[in-house]
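Residues per chain, in single letters:
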Amino acid sequence: MMTSTRFRLASLLFSAFTALACDDASQPGGSASGAGGGDGIGAGAGGGSSAGTGSSMAGAGDATGASSAGAGAGGAGGAGGAGGAGGTAGGTTAASTGNGGSAGGPPLPEEAFTLLFRDDFDRLDAARWQLMTHSWAENLALFSRSAATIESGHLVIRLTPAPAGTTDDTGAAKSFLGAEVRSVDTLTYGRVRARIKLARGSAVVSSLVTIYTPWPADNWNELDIECLGAQPNNVQFNAMVYTGAPVRPPVTQSVSPTQYPRKVDLGFDPSADFHTYQIEWTPSGARFSVDDVLRHEWKERIDLMGLPQNVLMTIWASSSAAWAGAVTAETGTASATYDWIELYRYTP
């Protein structure tokens, strides 16, 4: 009898938690990260040269959810670097309806995750992190080493006005300097957990990202938590995979991913204080949590997501006013602060 009562109580609590989820429409365009060349500090993943990613870029989609973002321009300063995709040229967007939370499945056992390292940002460790220097067409900022600093035990990344005449390696003018801090090592299944005060500012995007980085991209795997600073309580979770026919090296034209964005109203302003954000990636799905509450779970094409991914912390300015807001005076004063970050390996 006692066991039966406990079971009924657990079922009622689970149902009540599930009922708290509320629907919210996501921006149809979604996000799409573009790989781009950067010189960085140390070698990027997928090869010894400076091939790398251009961080997340979302474009405004049409009513059918097709991405309107075009192909981006290349990475600045990296001899081994090629262009970055700003959005997904020819890519598609799926599952663009959001919700305010998701009960999802039960938590995964803690013993399945092994802590690789925790960085409290007492210094910027070049053995762990690369500072990238590139851009792409829909990114109004050029990533710069000067935009990432360690201050009182925090990593601070800033978006600031660029000096007059700032261009990327294609000659395209850039109005801002931004930052991409990228892990030297990669994860193939694991957990990324970080305490962050995300950025406020119209057109500003700050993020926690995992992404497969070789460029031109012969495949695509990416998981994003992106704060859209014009309405910072609206955080977008996204998964991106390549669903097309396999390509054979050498690759001269990057593939374009299909993306599965989900915009969620967190119910608070993530730029006002620190909160804990987590991406958990296993062969059975990707789980996105905020303050240890599961907000979104993606499984639809998890069979296509099995490539090694770097971890990125970024801030940049989007040219898509429909997605991230129009550029204003506050765009060039934005910053995101990372208190600590933890990387875990998943071993079932």
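Rules used throughout
Residues numbered from 1 in each chain as written. Predicted model: local features only at pLDDT ≥ 70, side-chain atom pairs only at ≥ 80, totals over all residues. Heavy atoms only, no water. Helix = DSSP H or I, 4+ residues; strand = E, 2+ residues; numbered from the N terminus. Buried < 20%, exposed > 50% of the residue type's maximum accessible area, 1.4 Å probe, protein only. Contact = heavy atoms within 4.5 Å. Areas by Shrake-Rupley, 256 points an atom, 1.4 Å probe, with all protein chains shown as cover. Salt bridge = Lys/Arg side-chain N within 4 Å of Asp/Glu carboxyl O. Phe/Tyr/Trp six-rings, centres within 6.5 Å; stacked < 30°, edge-to-face > 60°. Core = buried A, V, L, I, M, F, W, Y, C linked by side-chain atoms within 4.5 Å. 1 Å grid on protein atoms, 1.4 Å probe; cavity = no way out; pocket = protein on both sides within 12 Å on 5 of 7 lines; lining within 4 Å. Points joined across faces, edges and corners; volume = space filled by probe spheres on them. Nonpolar A, V, L, I, M, F, W, Y, C, P; charged D, E, K, R; others polar. pLDDT = per-residue confidence, 0-100. Pairing = 2+ DSSP bridges.

**Some points on the overall build of the protein**
Here is step 1 of the chain: Helices and strands together make up the secondary structure of the protein, namely two helices and 23 strands.
Here is step 2 of the chain: Within the span of the protein, comprising 348 residues, buried residues form 56% of the whole.
Here is step 3 of the chain: Of the contacts formed within the protein by residues at least 6 apart in sequence, a portion of 76% connects residues at least 24 apart.
Here is step 4 of the chain: Of the roughly 13,500 Å² of accessible surface on the protein, 55% is carried by carbon and sulfur atoms.

**Concerning the pattern of salt bridges**
Here is step 1 of the chain: Throughout the structure, instances matching the rule amount to 16 salt bridges.
Here is step 2 of the chain: Glu 110 is the partner of Arg 191 in a salt bridge, and the nearest nitrogen-oxygen pair spans 3.0 Å. One end of the pair, Arg 191, is in strand β13 (residues 190-197); the other, Glu 110, is in the loop between β5 (97-99) and β6 (113-119), and 81 residues separate them in sequence.
Here is step 3 of the chain: Exposure remark for Arg 191: the relative accessible area of 5% places this residue in the buried category.
Here is step 4 of the chain: Residue class for Glu 110 comes out partly exposed when judged on its relative accessible area of 49%.
Here is step 5 of the chain: A salt bridge links Glu 180 to Arg 182, with the nearest nitrogen and oxygen atoms 3.0 Å apart.

**Details of the packing of aromatic side chains**
Here is step 1 of the chain: The tally for this structure, following the rule as stated, stands at 10 aromatic pairs.
Here is step 2 of the chain: Considering the side-chain rings of Tyr 189 and Trp 281, the 4.9 Å spacing of their centres and the 50 degrees angle between planes classify their relative orientation as tilted. Of this pair, Tyr 189 sits in the loop between β12 (176-183) and β13 while Trp 281 sits in strand β19 (residues 275-282); the two residues are 92 residues apart in sequence, bridging distant segments of the chain.
Here is step 3 of the chain: Grouping aromatic residues by their ring pairs yields a cluster made of Trp 136, Phe 143, Trp 316 and Trp 323.

**Thoughts on the nonpolar core**
Note on soluble globular proteins: their nonpolar side chains tend to be buried together.
Here is step 1 of the chain: Counting residues in each nonpolar core, the largest one holds 49 residues, and the members touching the most others are Ile 157, Leu 208, Met 313 and Ile 341.
Here is step 2 of the chain: Aside from chain neighbours lying at most four places away, what touches Ile 341 is Phe 117, Arg 118, Asp 119, Phe 121, Trp 129, Val 192, Arg 193, Ala 194, Leu 208, Val 311 and Met 313.
Here is step 3 of the chain: Core analysis: the next-biggest nonpolar cluster, separate from the first, contains nine residues, Trp 220, Met 240, Val 255 and Leu 312 among them.

**Remarks on empty space enclosed by the protein**
Here is step 1 of the chain: Taken as a whole and judged by the stated rule, the model has one cavity of 30 Å³ or more.
Here is step 2 of the chain: The space that makes up the largest cavity amounts to roughly 70 Å³.
Here is step 3 of the chain: Lining the largest cavity, in full, are Leu 187, Gly 190, Arg 191, Val 192, Thr 210, Leu 223, Ile 279, Glu 280, Trp 281, Gln 309 and Val 311.
Here is step 4 of the chain: When residues of the lining of the largest cavity are traced back to their parent elements, those giving at least two are β13 and β19.
Here is step 5 of the chain: Each residue belonging to the lining of the largest cavity can be placed in one class, and the counts come to six nonpolar, three polar and two charged.

**Some points on the confidence of the model for the protein**
Here is step 1 of the chain: Looking at the protein, the pLDDT average stands at 79 and 70% of residues meet or exceed 70.
Here is step 2 of the chain: Ignoring residues within four places in sequence, the model shows residues 1-90, a span with pLDDT below 50, making 286 contacts including any to other chains.
Here is step 3 of the chain: Note that pLDDT drops below 50 for residues 95-102; the model gives that stretch 36 contacts with residues more than four away or on any other chain.

**Examining unusual backbone geometry**
Here is step 1 of the chain: The linkage connecting Trp 215 with the following residue, Pro 216, adopts the cis geometry, with an omega of -5 degrees.
Here is step 2 of the chain: Within the secondary structure, Pro 216 is located in the loop between β14 (204-211) and β15 (221-228).
Here is step 3 of the chain: In this model, Pro 249 is joined to Pro 250 through a cis peptide bond whose omega is 0 degrees.
Here is step 4 of the chain: One can find Pro 250 in the loop between β16 (234-241) and β17 (258-259).

**As for the pairing of strand β23 (residues 335-346)**
Here is step 1 of the chain: The buried fraction of β23 is high, at 10 of 12 residues.
Here is step 2 of the chain: One ladder, built from six bridges, connects β6 with β23; its direction is antiparallel. Bridge pairing in β23 links Asp 119 to Ile 341.
Here is step 3 of the chain: Both strand β10 (residues 154-158) and β23 contribute to a ladder of four bridges, which runs antiparallel. For Leu 155, the partnering residue across the bridge sits in β23 and is Tyr 338.
Here is step 4 of the chain: Bridge count for β13 against β23 is eight bridges, and the pairing is antiparallel. What sits directly across from Lys 197, in β23, is Thr 337.

**Focus: the environment of Val 156**
Here is step 1 of the chain: Relative to the elements of secondary structure, Val 156 occurs in strand β10.
Here is step 2 of the chain: Sequence separation between Val 156 and Ala 179 is 23 residues; the distance between their C-alpha atoms is 9.5 Å.
Here is step 3 of the chain: In this view, Val 156 contacts Ala 147, Ala 148, Thr 149, Glu 151, Ser 335, Ala 336 and Thr 337; residues no more than four positions away in its chain are not counted.

**A word on the pairing of β19**
Side chains on a regular strand alternate between the two faces of the sheet.
Here is step 1 of the chain: Burial analysis of β19 places eight of its eight residues in the buried class, the great majority of the element.
Here is step 2 of the chain: Neither face of β19 is left uncovered, since the one carrying His 275, Tyr 277, Ile 279 and Trp 281 and the one carrying Thr 276, Gln 278, Glu 280 and Thr 282 both have all their residues buried.
Here is step 3 of the chain: Pairing analysis gives seven bridges linking β13 to β19, with the strands arranged antiparallel. What sits directly across from Ile 196, in β19, is His 275.
Here is step 4 of the chain: Two strands pair when backbone bridges link them, and β19 and strand β20 (residues 285-290) are joined in this way by six bridges, in the antiparallel orientation. Considered in β20, the bridge of Thr 282 is made with Gly 285.
Here is step 5 of the chain: Between β19 and β20, which pair antiparallel and follow one another directly, the connecting turn spans two residues.

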